[in-house]
Amino acid sequence: MVYRSFWFVIALLLFSIGSTQAASLPEDFILLKPSEIYKGKLGEREVVRFYFTLDRTLDLVLESKTPSRTNNVYPDAVLFYPDGRVITRDWSSGEGRNFRIQRRLDAGTYVLRVEDGRGCGSLHGCPEINRDYMIEFTVTEVSLF
């Protein structure tokens, strides 16, 4: 119930602030900018929320990358419309066990939720897992010609 309430509040925030005032999102949301690469560590049972604002309709790709070894974190992603509805989810369309989301989106502010889909069944945690990951965000102009 708390989970649904949280996203309802986020949806109301996004709807009420419009696409030009994305800074009013919760402070722990991380801004993604086109052509920039986000680098971080994705902790076990951690959820990281990103946002980005488009000023016009664009084709975009959001893709996670992890080091090329077998014992990595598995980033999962959910992309949300400005009103809080889910656009798409992805677990492993990218290289290895990484997400890759490719969509055409209209102007507005969007939220991307990322978490470790691998999980860990050990009571002692899984310190041997490499939790480094990055997100590449690219956009392409939409043109009729």
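Residues numbered from 1 in each chain as written. Predicted model: local features only at pLDDT ≥ 70, side-chain atom pairs only at ≥ 80, totals over all residues. Heavy atoms only, no water.

Here we look at the overall build of the chain
Now for step 1: In terms of helices and strands, the chain carries one helix and nine strands.
Now for step 2: When the elements of the chain are put in sequence order from the N terminus, they spell out α-β-β-β-β-β-β-β-β-β.
Now for step 3: Looking at the chain as a whole, 40% of its 145 residues qualify as buried.
Now for step 4: For the chain, long-range pairs separated by at least 24 residues make up 73% of all intrachain contacts whose partners lie at least 6 apart in sequence.
Now for step 5: Element-wise, carbon and sulfur atoms account for 52% of the exposed surface of the chain, whose accessible area totals about 8,700 Å². (Helix = DSSP H or I, 4+ residues; strand = E, 2+ residues; numbered from the N terminus. Buried < 20%, exposed > 50% of the residue type's maximum accessible area, 1.4 Å probe, protein only. Contact = heavy atoms within 4.5 Å. Areas by Shrake-Rupley, 256 points an atom, 1.4 Å probe, with all protein chains shown as cover.)

Quick look at the nonpolar core
Now for step 1: Counting 22 residues, the largest nonpolar core has Phe 52, Leu 62, Leu 79, Leu 112 and Val 114 as its most contacted members.
Now for step 2: Only β3 (47–54), β4 (58–65), β5 (75–80), β7 (100–105), β8 (108–116) and β9 (132–141) provide two or more residues apiece to this core.
Now for step 3: Sorting elements by how many residues they give to this core places β3 first, with four residues.
Now for step 4: Among residues more than four places away in sequence, those in contact with Leu 62 are Leu 32, Phe 52, Leu 79, Phe 99, Arg 100, Ile 101, Leu 112, Glu 136 and Phe 137.
Now for step 5: Counting six residues, the second largest nonpolar core, distinct from the first, contains Leu 25, Phe 29, Phe 80 and Val 111. (Core = buried A, V, L, I, M, F, W, Y, C linked by side-chain atoms within 4.5 Å.)

Remarks on the sheet that holds β5
Now for step 1: Read across the open sheet, the five strands follow the order β1-β3-β8-β5-β6; overall the sheet is mixed. Strand pairing shows two members of the sheet lacking a second neighbour, β1 (30–31) and β6 (86–90), which therefore form its edges.
Now for step 2: Of the strand pairs in this sheet, β1 and β3 are connected by two bridges, and their pairing is parallel. Residue Leu 31 lies in a different strand from β3, and its bridge partner there is Tyr 51. (Pairing = 2+ DSSP bridges.)

Observations regarding the side chain of Glu 63
Now for step 1: By the element assignment, Glu 63 lies in strand β4.
Now for step 2: Within polar-contact distance, the side chain of Glu 63 engages the side chain of Arg 100 at 3.5 Å.
Now for step 3: Once residues within four sequence positions are removed from consideration, Glu 63 is found in contact with Gly 94, Glu 95, Phe 99, Arg 100, Met 134, Ile 135 and Glu 136. (Polar contact = N/O pair within 3.5 Å; in protein donor to acceptor, adjacent residues only side chain to side chain.)

Focus: the sheet that holds β4
Now for step 1: The antiparallel open sheet is built from four strands, whose spatial order is β2-β9-β4-β7. Edge strands, defined here as strands with exactly one partner in the open sheet, are β2 (37–41) and β7. Within this sheet the neighbouring strands show an average axis-to-axis angle of 15 degrees, counted without direction.
Now for step 2: The sheet contact formed by β4 and β7 spans six bridges and is antiparallel. Counted as the bridge partner of Leu 62 is Ile 101 from β7. (Axes fitted to C-alpha atoms, helices over the stretch in contact; angles between N-to-C directions.)

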